[in-house]
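Residue-level structural notes
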Amino acid sequence: MTHLGGVKTLAFGGRPQNGPMQAMGGSKGSQVASSALIDAWVEGAKILAEKSGQDEKPLFSLEQRRALNDSAPAVEELPFNLPSLSVNWKNSYLRDNHEIPVQFLYEPADCRLFYTWENYKSPATTWKVAARAWWGNGTCVPGLSAASRSTADGSPNN
């Protein structure tokens, strides 16, 4: 959304020092796979390997089939089995960078703000501060690069 749609990002918090901070939220991968889906793939591979073992020309030798069964346990046998577990399955790349997947790129937010005591007492004030920094006369944290710093009117530069 930030690269194709031009959506701007705002980060709150972080260490108490001026400068950029990476925006949080969402996934930068292009496809995720759930633990249930991975388990189904593993079981399908095991079944395919076993069935092919009955053919004249099996896909795997008996030793390879045993290695597959030993190295690919069922998901419920793993110590981190969670119903909502998912992993990044496919990478996503930027148009001008086909070497590094976007989930490994540092991308600073367009604007950064610090939490204040008022924000902790009344969380709704974070929205007011964010709106002021973005569209009003508020400012972002000093020390952002020219590409990710607010302009005089409060709207971030491209």
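Keep in mind it's a predicted model, so treat the numbers as computed, not measured. (Residues numbered from 1 in each chain as written. Predicted model: local features only at pLDDT ≥ 70, side-chain atom pairs only at ≥ 80, totals over all residues. Heavy atoms only, no water.)

**Digging into the state of the cysteines**
Overall, the coordinates contain one disulfide when judged by the stated rule. A sulfur-sulfur separation of 1.9 Å characterises the disulfide bridge that pairs Cys111 with Cys140. Its S-S torsion of about -110 degrees marks the bond between Cys111 and Cys140 as left-handed, since a negative value means left-handed. Note that Cys111 is positioned in strand 4 (residues 111-113) and Cys140 in the segment after helix 4 (125-135), a separation of 29 residues in sequence. Residue Cys111 is classed as buried on the basis of its relative accessible area, which comes to 0%. (Disulfide = S-S within 2.5 Å. Helix = DSSP H or I, 4+ residues; strand = E, 2+ residues; numbered from the N terminus. Buried < 20%, exposed > 50% of the residue type's maximum accessible area, 1.4 Å probe, protein only.)

**Concerning a nonpolar patch on the surface**
A surface patch of nonpolar side chains, about 360 Å² in accessible area, is lined by Leu37, Trp41, Val87 and Trp89. Mapped onto the secondary structure, Trp89 falls in strand 3 (residues 86-90). (Patch = residues over 30% accessible without salt bridge, like charges linked within 9 Å, V, L, I, M, F, W, Y side chains within 5 Å. Areas by Shrake-Rupley, 256 points an atom, 1.4 Å probe, with all protein chains shown as cover. Salt bridge = Lys/Arg side-chain N within 4 Å of Asp/Glu carboxyl O.)

**Considerations on the nonpolar core**
Core analysis: the biggest nonpolar cluster contains seven residues, these being Phe12, Cys111, Leu113, Ala130, Ala133, Trp134 and Cys140. Those elements that provide at least two residues to this core are strand 4 and helix 4. Ranked by residue count, the leading element in this core is helix 4, at three residues. (Core = buried A, V, L, I, M, F, W, Y, C linked by side-chain atoms within 4.5 Å.)

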